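Descriptive structure summary
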Amino acid sequence: MTSALASLRLHPADSIVILTGAGISKESGLDTFRCAVGIWSQVDLEDVATPQGFARDPDLVHRFYNDRRRGLHDPAIRPNAAHVALAGLERRWKGSVLIVTQNIDDLHERAGSTRLLHMHGELLKAFCQHCRTVVDCHGDLSVHDHCLTCGRKGGMRPDVVWFGEMPYHMERIQQALADCDLFVSIGTSGNVYPAAGFVAEARAGGAHTVELNLEPSEGASHFHGAVHGPATEVVPAFVRDLLALV
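Residues numbered from 1 in each chain as written. Predicted model: local features only at pLDDT ≥ 70, side-chain atom pairs only at ≥ 80, totals over all residues. Heavy atoms only, no water.

Time to look at the pattern of salt bridges. For the coordinates displayed, the defined rule picks out six salt bridges. Two residues, Asp140 and Arg70, come together in a salt bridge whose shortest N-O distance is 2.7 Å. One end of the pair, Asp140, is in the loop between strand S5 (134–136) and strand S6 (156–160); the other, Arg70, is in helix H4 (residues 58–72), and 70 residues separate them in sequence. Look at the salt bridges and you will find they share partners, linking Asp67, Arg70 and Asp140 into a network. (Salt bridge = Lys/Arg side-chain N within 4 Å of Asp/Glu carboxyl O. Helix = DSSP H or I, 4+ residues; strand = E, 2+ residues; numbered from the N terminus.)

So this is what it looks like as structure tokens:
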């Protein structure tokens, strides 16, 4: 039994909230944003991840996200053992399991997770800035696209939360954090808010908190326990130990 769970007593109906970040998808072949050679070291986030950047040069922003979307469709990009383990936990745990992901990929869904909130949006969706309609989007976007709902051109953009915008589902997330018995953070740097503050919210509500990460995050001191190593190793092992508790 991992030391992160050694003192934990859970009941089968207890609720679990799991926060996932880019670290869980890195082993599937997707680049992270904040590591030394990550995406933000190659492109200025002000240009491609802000409303101002989109207003200034929408063609550049569309090219950036079109490249990300094509990369996600690469047959080599598949859910890894960590995604699969979390989907298995959802199926087998008798209580509530909610995954809150900062990732805009669809690897959790492909692994079989169904109780999932994308707080930063989804790469495979687009929305119209004119009428706020959200649609599936598996191909390229451009400034020439018309909204199928309102018919206006030039307002379609990736359904991705940019810097300066409010993350999605915050009321549901905060309620889940207040009510959960176990909070697990996986593959996240711990330096981007509001997600970096979720561990404190969960602890304030009485939850046991665990970090599963390649290395200690910036918020590591807020967790009751931690296991450090590759997500494909530590997450399946943690899920096995968690299921053994009940």
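Having put the structure on the table, let's press on.
Moving on: the side chain of His120. Structurally, His120 can be placed in the loop between strand S3 (116–118) and strand S4 (121–128). Here Gln102 takes part through its backbone oxygen, which lies 3.1 Å from a polar atom of the side chain of His120. Filtering out sequence-adjacent residues up to four positions away, His120 remains in contact with Thr101, Gln102, Ile104, Asp159, Val160, Val161 and Pro167. (Polar contact = N/O pair within 3.5 Å; in protein donor to acceptor, adjacent residues only side chain to side chain. Contact = heavy atoms within 4.5 Å.)

In this section: the nonpolar core. If you look at the biggest cluster of nonpolar residues, it comprises 28 residues, and the most contacted ones within it are Ile18, Leu89, Leu212, Val235 and Leu242. For this core, the elements supplying multiple residues, two or more each, are strand S1 (16–20), helix H5 (81–92), strand S2 (97–101), strand S7 (182–186), strand S8 (208–213) and helix H9 (231–244). By residue number, the principal contributor to this core is H9, which donates seven residues. (Core = buried A, V, L, I, M, F, W, Y, C linked by side-chain atoms within 4.5 Å. Buried < 20%, exposed > 50% of the residue type's maximum accessible area, 1.4 Å probe, protein only.)

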